[in-house]
Amino acid sequence: MALLLAIDQGTTGNTAFLMDEHLNVLAKKNREFRQIFPQPGLVEHDAEDIWNGVRSVVIDVLEMAGRKAEEITAIGITNQRETTLLWERETGRPVHNAIVWQDRRTAPLCTHLKEQGKEALYRRRAGLLLDPYFSGTKIAWLLEHVDGLLKRAESGDLAFGTIDSFLLARLTGNKVHATDVSNASRTLLMDLETLQWSDELMQPLGVPRALLPEIRGSSEIYGYTKGLDFLPDGIPVAGMAGDQQSALFGQLCLERGDAKCTYGTGSFTLMNTGNSPVFSERGLLTTVAWKLSDGSVHYALEGSAFVAGAAVQWLRDALGIIQHSHEVEELAAQVSDSGGVVFVPAFTGLGAPHWRPDATGSIIGLTRGSTRAHIARAALEGIAFQNYEIIRAMEHDSKADLSVLKVDGGASANNLLMQFQSDLVRRPIVRPGMLDTTALGAALLAGLATDVWKNTEALKDVWKEDRTFSPLMSDVERQRRIDAWLDGIKRAVPSQMAEAARVV
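So, here's what we can say about the structure. (Residues numbered from 1 in each chain as written. Predicted model: local features only at pLDDT ≥ 70, side-chain atom pairs only at ≥ 80, totals over all residues. Heavy atoms only, no water.)

This next bit is on the nonpolar core. Counting 56 residues, the largest nonpolar core has Leu 315, Val 344, Leu 380 and Leu 405 as its most contacted members. The element that contributes the greatest number of residues to this core is helix 12 (residues 372–398), accounting for 14 residues. With residues near it in sequence (within four places) discarded, Leu 315 still touches Gly 320, Ile 321, Ile 322, Val 328, Phe 343, Ile 375, Ala 376 and Ala 379. (Core = buried A, V, L, I, M, F, W, Y, C linked by side-chain atoms within 4.5 Å. Buried < 20%, exposed > 50% of the residue type's maximum accessible area, 1.4 Å probe, protein only. Helix = DSSP H or I, 4+ residues; strand = E, 2+ residues; numbered from the N terminus. Contact = heavy atoms within 4.5 Å.)

Put into structure tokens, the structure is as follows:
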């Protein structure tokens, strides 16, 4: 029986999963690692912390499952996207801490490039905004601010990678320097049409081609383990995808119009747009979903809401109206609706489709009759409303009607939230049996490349559903709620608030 090792390298921790070919999880282990904040707005990771953590959780799951490393059929990797690392090509030694996707140090460079009129180029060729979120400006910062790195990069002494590339290099004894198309599409440097690095995109950022990994598919054998003290030589590393694309694949969103939403600290919604990139008119990002071994490529539209589960954490930690996050559903269920309370969780600005970093969180519609339960319910509804706006933008941009929305992540276990989400999007919500779909996607990609499954059709036989939520709310009530939400959005954006005050 096949044994698949999925490594889920996240922003705050590393998780290893051992699965069999029926997708039974034989063991799972998570271990958090250190977060480094050199200054406000700066976020770094020590790549050795990441590597040691990955080593540790792999050892742990093998021990927990009572299995030997020699039994592993293939390894799949999924990773935090955009986080940027440079290391010595020969030794694998990092030359600086990784700059994390959350880091904002390159905001001035993004502003400068926008002033030069470059944003249209990156929108058209890379499908992305000029924002510190993405890897390209982080590479530029490292080459400019760390002595000697630019010269070493130009000579080919250094390697750049997102964390998938770094783990692949380490697992293969520094023999393989590669990334997959989904991670490459988040760098600002890859042309979405050719799926290759673009000199036109690299030049404004000053990134030398010698620094970059080979771009490969998401499901193929990249190399084999070599020289490790915790895994034997010869295990194929055969699947790689950025975390959100991996979740899209893990949800089997294989056809145009299929979509998933991952509810974590924030929420990430991706829609499969088929074999051609779709460029957004409504503030969404265009990205590569995956490339399979048969050469087929799928693209996706992506929209992110910065705050989802974090809103529940705020209720717990700042307001103290719950002691544990899971209590929010029981509290919210004490009332039949939010009693007119609207909660806009824009604690770190508004993401897609608004992209308003100046927006602030707000709670409106409070009366003497408002209770903790109304606020809790409004917080859950606020999460769902953000996703509703993203999905509406996706349907407009893609010209594809959403049939169902698949959900995963911690907050997808909240039945009240899932029912309200179904009511808003007027589509069924499907929750899988396994909520860790990022790791599931990595395992599926690795298994396809090593003939554990012959094709994507075979995956449908092993994928398991937990529950479907169907819309119940009347159209009149739904529209009333949406109108109240849109009013709340206006109040959350300072410039719109000021304009309203002038009109009054």
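What follows deals with the side chain of Gln 245. Residue position: Gln 245 is located in helix 9 (residues 243–250). Note on Gln 245: relative accessible area 1%, which makes it buried. The contact partners of Gln 245, leaving out residues within four places of it in the chain, are Arg 81, Ser 182, Ser 185, Arg 186, Leu 270, Thr 287, Val 288, Ala 289 and Trp 290.

A few words on the sheet that holds strand 16 (residues 267–274). What the seven strands build is an open sheet, ordered 17-18-16-15-21-22-23; its pairing is mixed. Edge positions in the open sheet fall to strand 17 (285–291) and strand 23 (465–469), since each of these has one partner strand only. Across the sheet, the axes of successive neighbouring strands diverge by a mean angle of 30°, strand direction being ignored. Alignment of strand 16 against strand 18 (residues 297–305), held across seven bridges, turns out to be antiparallel. Within strand 18, the residue paired with Thr 269 across the bridge is Gly 303. (Pairing = 2+ DSSP bridges. Axes fitted to C-alpha atoms, helices over the stretch in contact; angles between N-to-C directions.)

Next up on the list: the layout of surface pockets. The volume enclosed by the second largest pocket comes to roughly 240 Å³. Residue lining of the second largest pocket: 15 residues in total, with Leu 292, Asp 294, Ser 296, Asn 455 and Thr 456 positioned closest to the centre. Along the lines of polarity and charge, the residues of the lining of the second largest pocket split into four nonpolar, six polar and five charged. (1 Å grid on protein atoms, 1.4 Å probe; cavity = no way out; pocket = protein on both sides within 12 Å on 5 of 7 lines; lining within 4 Å. Points joined across faces, edges and corners; volume = space filled by probe spheres on them. Nonpolar A, V, L, I, M, F, W, Y, C, P; charged D, E, K, R; others polar.)

With respect to topology, six strands assemble into an open sheet ordered 3-2-1-5-14-13, the strand pairing being mixed. With one partner strand each, in any of the chains shown, strand 3 (25–32) and strand 13 (219–224) form the two edges of the open sheet. With strand direction ignored, the average angle separating the axes of adjacent strands in the sheet is 25°. Two strands pair when backbone bridges link them, and strand 13 and strand 14 (residues 236–242) are joined in this way by three bridges, in the antiparallel orientation. Counted as the bridge partner of Tyr 224 is Pro 236 from strand 14. Here helix 1 (residues 47–65) sits on the sheet and contacts strand 1 (3–9), strand 2 (13–20) and strand 3; the angle it forms with strand 3, its principal contact strand, is near 150°. Strands strand 1, strand 5 (74–79), strand 13 and strand 14 of the sheet are contacted by helix 6 (residues 163–171), whose axis makes an angle of about 150° with strand 5.

Turning to the packing of aromatic side chains, a few remarks are in order. The description of an aromatic ring pair rests on the distance of the ring centres and on the angle between the ring planes. The full count for this structure, using the stated rule, is ten aromatic pairs. Between Phe 249 and Trp 290, the aromatic rings sit 4.9 Å apart at their centres with planes inclined by 80°, giving edge-to-face as the arrangement. Residue Phe 249 is located in helix 9, and its partner Trp 290 is located in strand 17; the two are separated by 41 residues in the primary sequence. Taken together, a centroid distance of 5.0 Å and an interplanar angle of 10° make the contact between Phe 385 and Trp 485 stacked. Here the residue Phe 385 occupies a position in helix 12, and Trp 485 occupies one in helix 16 (residues 475–492), the gap between them amounting to 100 residues. The exposure class assigned to Phe 385 is buried, which follows from its relative accessible area of 4%. Take Trp 485: its relative accessible area is 1%, and that puts it in the buried class. An aromatic cluster of three or more residues is present, and its members are Trp 101, Tyr 133 and Phe 134. Across the ring face of Trp 141, the terminal group of Arg 105 is positioned such that the distance to the ring centre comes to 4.5 Å. Here the basic side chain of Lys 406 rests over the ring of Trp 463, its NZ or CZ set 4.3 Å away from the ring centre. (Phe/Tyr/Trp six-rings, centres within 6.5 Å; stacked < 30°, edge-to-face > 60°. Lys NZ or Arg CZ within 6 Å of the ring centre and 35° of its normal.)

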